[in-house]
Amino acid sequence: FLGDNNRLSDQIEFQTRIPKFQLKVLSLSNCGSNNLGLKFPHFLFYQYDLRIIDLSHNSVRTFPVWLLENNTRLEVFHLINCSLMGPFLLPSYPNPHANSIDISDNHLEGPIPTNIGLIFPNLRNLKTSRILIQGHIPTSLGDMHFLEILDYSNINLSGQIPKHLTIGCPYLLFFKLSNNNLSGQISLSLVNLTTLTYLYLDNNHFTGKFPDSVSISLSLEALDISNNHMYGKLPRWMGNMSSLLGIAMFSNHIEGPIPVEFCKLS
C-alpha cells in the first residue's frame, strides 16, 4: 500500500472488521497529516507480515513499537521526522530480518537501548541522528556483524569510541559520530575496519595525535576530524590512501609542514 505525498487525514479506514488481506509494504511518507499518530488505520493493527514500513515526515508522535512486535519479518522501518517523543523502544524478542532502521530527526529521550544489537543482529543500516538521546554507545552493537551504515550524530553521546564496535562490525562503510561529547584518543582499532569508506568524528573532544605508521583504512574516501583537540604533525601514511577524496581537519592543534606524500593523492 503506497500513499506517499498525499493529504490524508486521521480517518483513514478501509473497514471496521478484521481485514482478510496481509500487506508486505506500507508507505505513507509525507502525507501532510498532523494527526496520523492519534489514530492509525484500523486494518494496520491486524497486519503481521509487513516487510517495509515508511511513515516518515508525519506526526506519528508516539513510538509505534507494536508495529515491530506484530511484524516479526520486518526488514525496513523508517520513521524520519515523525515528531516522536519518549523513549526509543524495542520489541521484546529478536528480529533477524531487520535490515534498515532510520528514526532520525525526532525528539526521543533517554539512552539507546543496551540490547539493540541483540534484537537486530543482522542490521545493515542504523540512523538515529538528531534525536536528543544521551549516553554511551551500547556494547551490543558489536554483535551486528553486517552493519554497513551507522549514523549516531547529534545525539549527545559521551565517552570514547567503543573498541567492541570497531571489531564487531567488520563491514562498516559509513561511520558518523559528529556533534557529540566523545573524548579520549581516536581508537587504533579503527584499523580493523578495512571496508570503511566514510568516517565523520567532527565536533567532539578527541585528543592525542595520529599514529605514526598505521592507516585507518586504505579504502577511505572521506575523513572529518575537525573541531577536536588533536595535535602533532600530519601523518605521512595518508599519502598512501589512494581513494581519499576529502579531508577536514580544521580547528585542531596540528602543526608542521604538509607531508610531500600528500601530493600522491589524486
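You'll find the structure just up there.
Computed from a predicted model, the values in this text were never measured in an experiment. (Residues numbered from 1 in each chain as written. Predicted model: local features only at pLDDT ≥ 70, side-chain atom pairs only at ≥ 80, totals over all residues. Heavy atoms only, no water.)

## Structural notes on the pattern of salt bridges
Okay, so step 1: Counting across every chain of the model gives five salt bridges.
Okay, so step 2: A salt bridge links Asp 105 to Arg 130; the nearest nitrogen and oxygen atoms lie 2.6 Å apart. On the criterion of sequence distance, the pair formed by Asp 105 in the loop between strand 5 (100–102) and strand 6 (107–109) and Arg 130 in the loop between strand 7 (125–127) and strand 8 (149–151) is long-range, its members being 25 residues apart.
Okay, so step 3: For Asp 105, a relative accessible area of 28% gives the class partly exposed.
Okay, so step 4: Ionic contacts of the salt-bridge type, sharing partners, join the residues Lys 24, Asp 49 and Arg 51 into one network. (Salt bridge = Lys/Arg side-chain N within 4 Å of Asp/Glu carboxyl O. Helix = DSSP H or I, 4+ residues; strand = E, 2+ residues; numbered from the N terminus. Buried < 20%, exposed > 50% of the residue type's maximum accessible area, 1.4 Å probe, protein only.)

## Some points on the packing of aromatic side chains
Okay, so step 1: Scanning all chains against the criterion turns up seven aromatic pairs.
Okay, so step 2: Between Phe 174 and Tyr 198, the ring centres sit 6.0 Å apart and the planes meet at 45°, which makes this aromatic pair tilted. Residue Phe 174 is located in strand 10 (residues 174–176), and its partner Tyr 198 is located in strand 12 (residues 198–200); the two are separated by 24 residues in the primary sequence.
Okay, so step 3: Owing to a relative accessible area of 22%, Phe 174 belongs among the partly exposed residues under this scheme.
Okay, so step 4: The class for Tyr 198 is partly exposed, based on a relative accessible area of 31%.
Okay, so step 5: Site record: aromatic cluster; members linked through ring pairs are Phe 63, Phe 77 and Phe 88.
Okay, so step 6: Lys 176 extends its terminal NZ or CZ atom over the ring of Tyr 200, reaching a point 5.6 Å from the ring centre. (Phe/Tyr/Trp six-rings, centres within 6.5 Å; stacked < 30°, edge-to-face > 60°. Lys NZ or Arg CZ within 6 Å of the ring centre and 35° of its normal.)

## What about the sheet that holds strand 10?
Okay, so step 1: Overall, parallel pairing links the 10 strands, which are arranged 1-2-3-5-7-8-10-12-14-16 in an open sheet. Of all strands in the sheet, those with a lone pairing partner are strand 1 (25–27) and strand 16 (246–248), marking the two edges. The mean inter-strand angle of the sheet, taken between neighbouring strand axes irrespective of direction, is 5°.
Okay, so step 2: Direction of pairing for strand 14 (residues 222–224) relative to strand 16: parallel, over a ladder of three bridges. Among the inter-strand pairings, Leu 223 is bridged to a residue of strand 16, identified as Ile 247. (Pairing = 2+ DSSP bridges. Axes fitted to C-alpha atoms, helices over the stretch in contact; angles between N-to-C directions.)

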